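A look at the structure
The residues making up each chain are set out below.
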Amino acid sequence: MKPFDFSCVRYIALIAGLFLMTSLFTPTAYSETYIGGQFGMALPSMGGGLKKIETTSQFLAGTTHSDLELASSAMVGGKIGHYFSGARWFGLEAEFFATSPQIDQQVHTFANPAVSCTPSCSGTLQGAHFRVATLAPLNVMFRYPNARLQPYIGFGPGLFFARISGESTGTPGSTASTSNNGVLGFNGKVGAEYYFTKHVTAFLEGKYNVARFNFKENSDLYPFPYGFKTTYSMFLMSFGLAIHF
């Protein structure tokens, strides 16, 4: 089984270095750099799961599919950011997190002009492993800085790395289909951070992610041997601790 490609981690190290350099050359009065870890849950029932599925394989061209339900899943990641001295309410943040909202076993419907089903064909779709890693390299952050409890919002582009894997046809183990390297999408968040001290905080936030994946055809991959495009729509809740300096 081919390991999941987490090569994007090197970009996190680069972004972390850039943020630290920024903090070194920014006046220290009222400015702050922070780094933190985050944990939480991906909640596809609130985000939508996999939507707007289009088959790209030639022999199934023109096939439309019902949305696919995903299971709730734990998420884990980290973040690093900086708020500026000249405008304490404004900052920049980079974050990375990963989750595995598996594709549930479910009744799946589809329609194709060449197949005579009225009004559509349906069948039980076996579940599959689905993993997504998200790198948001530049969240624009806005906060209320004048209290211990500071609400905030943030948004920016995201790079999404996805992989589907399932039992191979006729062989033990699994095979996988990976979306194009780094699909550009949207990462948005709203939350609040509480300052226990000047340097230690806890935060709670909700995130919304959306991206368009394009999975390549893989004849050995069950239950998804065909290539297809789909919109990934996910809501996540996360909490964590951060160190400010």
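Let me sum up the structure you'll find in this document. (Residues numbered from 1 in each chain as written. Predicted model: local features only at pLDDT ≥ 70, side-chain atom pairs only at ≥ 80, totals over all residues. Heavy atoms only, no water.)

Below, the discussion takes up a nonpolar patch on the surface. Residues Ile 35, Leu 149, Tyr 194, Phe 196, Val 200, Leu 241, Ile 243 and Phe 245 make up a contiguous nonpolar surface patch of roughly 760 Å² in combined accessible area. Within the secondary structure, Val 200 sits in strand β12 (residues 200-215). With relative accessibility at 32%, the residue Val 200 sits in the partly exposed group. (Patch = residues over 30% accessible without salt bridge, like charges linked within 9 Å, V, L, I, M, F, W, Y side chains within 5 Å. Areas by Shrake-Rupley, 256 points an atom, 1.4 Å probe, with all protein chains shown as cover. Salt bridge = Lys/Arg side-chain N within 4 Å of Asp/Glu carboxyl O. Helix = DSSP H or I, 4+ residues; strand = E, 2+ residues; numbered from the N terminus. Buried < 20%, exposed > 50% of the residue type's maximum accessible area, 1.4 Å probe, protein only.)

Its place among the elements puts Thr 99 in strand β5 (residues 90-99). A distance of 3.1 Å separates a polar atom in the side chain of Thr 99 from a polar atom in the side chain of Ser 73. Polar side-chain contacts of Thr 99 include one of 3.0 Å to the backbone oxygen of Ala 74. (Polar contact = N/O pair within 3.5 Å; in protein donor to acceptor, adjacent residues only side chain to side chain.)

Counting residues in hydrophobic clusters, the biggest one holds 24 residues, and the most contacted among them are Phe 130, Phe 213 and Tyr 232. Contributions of two or more residues to this core are made by β2 (49-55), β8 (129-143), β9 (149-167), β12 and β13 (228-244). With four residues, the single largest contributor to this core is β13. Core analysis: the second largest hydrophobic core is formed by six residues, Tyr 34, Met 141, Phe 203 and Ala 242 among them. (Core = buried A, V, L, I, M, F, W, Y, C linked by side-chain atoms within 4.5 Å.)

This next bit is on the packing of aromatic side chains. In this structure the tally under the stated criterion is 13 aromatic pairs. Between Phe 84 and Phe 90, the aromatic rings sit 6.0 Å apart at their centres with planes inclined by 20 degrees, giving stacked as the arrangement. We classify Phe 84 as partly exposed; its relative accessible area is 21%. According to the relative accessible area criterion, Phe 90 is partly exposed, its value standing at 25%. An aromatic cluster of at least three residues, connected via ring pairs, comprises Phe 130, Phe 160, Phe 213, Phe 215, Phe 228 and Tyr 232. The ring of Phe 203 carries the charged tip of Lys 79 above its face, separated from the ring centre by 3.9 Å. Geometry around Tyr 83 places Arg 143 over its ring, the cationic atom sitting 3.8 Å from the centre. (Phe/Tyr/Trp six-rings, centres within 6.5 Å; stacked < 30°, edge-to-face > 60°. Lys NZ or Arg CZ within 6 Å of the ring centre and 35° of its normal.)

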